[in-house]
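The primary structure of each chain is shown beneath.
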Amino acid sequence: MRLWQSALLLYLFVPPWSGSPRAREADPRVGFSIEPVALFPQTPRRKNLGSLTFLRGYRLVSSDAGFGGYSSLATDGKRFTLLSDGGQGIGFTLSRAGKLSAAHAFRLPDGPGTGWEKRDRDSESMAVDPATGQRWVAFENSNQIWRYAPGFSRAERHAAPPVMASWPDNRGTESMMRLRDGRFVLINEDEPWTGSTGSAGVVFAGDPTAPKQAAIRFSYRAPAGFAPTDIAELPDGRWIIVNRRFSARTGFTACVTIANPAGLRAGAVLTGREIARFEAPAQHDNFEGIAVVRHGNATHIWLISDDNSLRPWQQSLLLEFRLDEVKTRPHRVAGPHAAG
């Protein structure tokens, strides 16, 4: 009886927890599947969008409320790793026939903060060293970069580069890629350097988690109304960038640009040439991740969209395209302070 009375007193007089709720986690027991989608739902035979040719696409679906929110991807065209903006991810193998196998879910073993709140592990971009399997993740709210062992088995080291210290919490590190020569490129969402325009960018001479890593600043100017969400390197050394825009009238739309970094130096403003725009009647959503895969003599582009955990109003779309190499031939660097 005394135990029951004590419990009742605790319930009546001890205030309930009023702190931030724990970040929602995906349940690995639930699983997920894929459903084929067309680029143009009303005209499925239509395949061309600007300089991209649609090859195939899927909607990732799950009954798990914690599933989704994928902001970055890494793939060799067969094996896929998708990372959400809450420090969770999925991996799977996808055959050319669209068969899903080896599917699994995981959570980053460590990262900024305690991981209690979603914003602690706001992982927005990912880079991979194909030779070692090491992976780097950039976190937007803390502007930190963490390096993980292959398979995300453990965190190896991390850094908060001073050059990025002025980037705002919710518009910080949004895009990151590792170049084939070992340099790293990071771009924030839409915050310019003081005295400049566009989104602030940094090129690190090597691993940004290493101490005293040399870096140069530049700016990236997205098409009007858009902000960059991810970046990848093309086989010829140019950069391909996915940019998004939101409006109450059209929802999320996106465009893909290609920028030529030849001659890029400190203080330069990099502009991209738009090669495709994702808006009605084509599939359009919150595209936040891009990856490049070489298939023989062809360059394939993969895109992933972040559903913001707002199903069914938004979707987790995984789309594959072939890049038109002729239409997207390199542009000449335009002037001493710009590249495009």
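Everything below is about the structure printed above this text.
Source: prediction; values computed, not measured.

## Structural notes on the packing of aromatic side chains
Right, so step 1: In the structure shown here, the tally under the stated rule is 15 aromatic pairs.
Right, so step 2: Consider the rings of Trp-167 and Trp-193, whose centres lie 5.9 Å apart with planes at 55°: the pair is tilted. Taken together, the positions of Trp-167 in the loop between β11 (155–159) and β12 (173–178) and Trp-193 in the loop between β13 (184–188) and β14 (199–204) put the pair 26 residues apart, joining distant regions of the chain. The same class applies to Trp-167 and to Trp-193, which are both buried.
Right, so step 3: Positioned above the aromatic ring of Phe-40, the side-chain terminus of Arg-46 is 3.9 Å from the ring centre.
Right, so step 4: Here Arg-217 stacks its cationic end above the ring of Trp-193, 4.2 Å away from the centre of that ring.

## Brief notes about the nonpolar core
Right, so step 1: Judged by nonpolar contacts, the single largest core of 25 residues is most densely connected at Ile-240 and Phe-278.
Right, so step 2: Contributions of two or more residues to this core are made by β3 (52–61), β17 (239–247), β18 (251–259), β20 (273–278), β21 (287–295), β22 (298–305) and β23 (317–323).
Right, so step 3: Among the elements that take part in this core, β23 stands out by supplying four residues, more than any other.
Right, so step 4: Other than its neighbours up to four places away in sequence, Ile-240 contacts Asp-230, Ile-231, Ala-232, Leu-234, Val-256, Thr-257, Ile-258, Ile-275, Ile-290, Val-292 and Ile-301.

## As for the side chain of Asp-230
Right, so step 1: Checked against the element boundaries, Asp-230 lands in strand β16 (residues 227–233).
Right, so step 2: Of the side chains with opposite charge, Arg-244 lies nearest to the buried Asp-230, which makes no salt bridge, at 11 Å.
Right, so step 3: Excluding residues within four positions of it along the chain, Asp-230 makes contact with Ser-125, Ser-175, Met-176, Ile-240, Ile-241, Val-242, Glu-288, Gly-289 and Ile-290.

Cut-offs applied
Residues numbered from 1 in each chain as written. Predicted model: local features only at pLDDT ≥ 70, side-chain atom pairs only at ≥ 80, totals over all residues. Heavy atoms only, no water. Phe/Tyr/Trp six-rings, centres within 6.5 Å; stacked < 30°, edge-to-face > 60°. Helix = DSSP H or I, 4+ residues; strand = E, 2+ residues; numbered from the N terminus. Buried < 20%, exposed > 50% of the residue type's maximum accessible area, 1.4 Å probe, protein only. Lys NZ or Arg CZ within 6 Å of the ring centre and 35° of its normal. Core = buried A, V, L, I, M, F, W, Y, C linked by side-chain atoms within 4.5 Å. Contact = heavy atoms within 4.5 Å. Lys, Arg positive; Asp, Glu negative; His and termini not counted. Salt bridge = Lys/Arg side-chain N within 4 Å of Asp/Glu carboxyl O.

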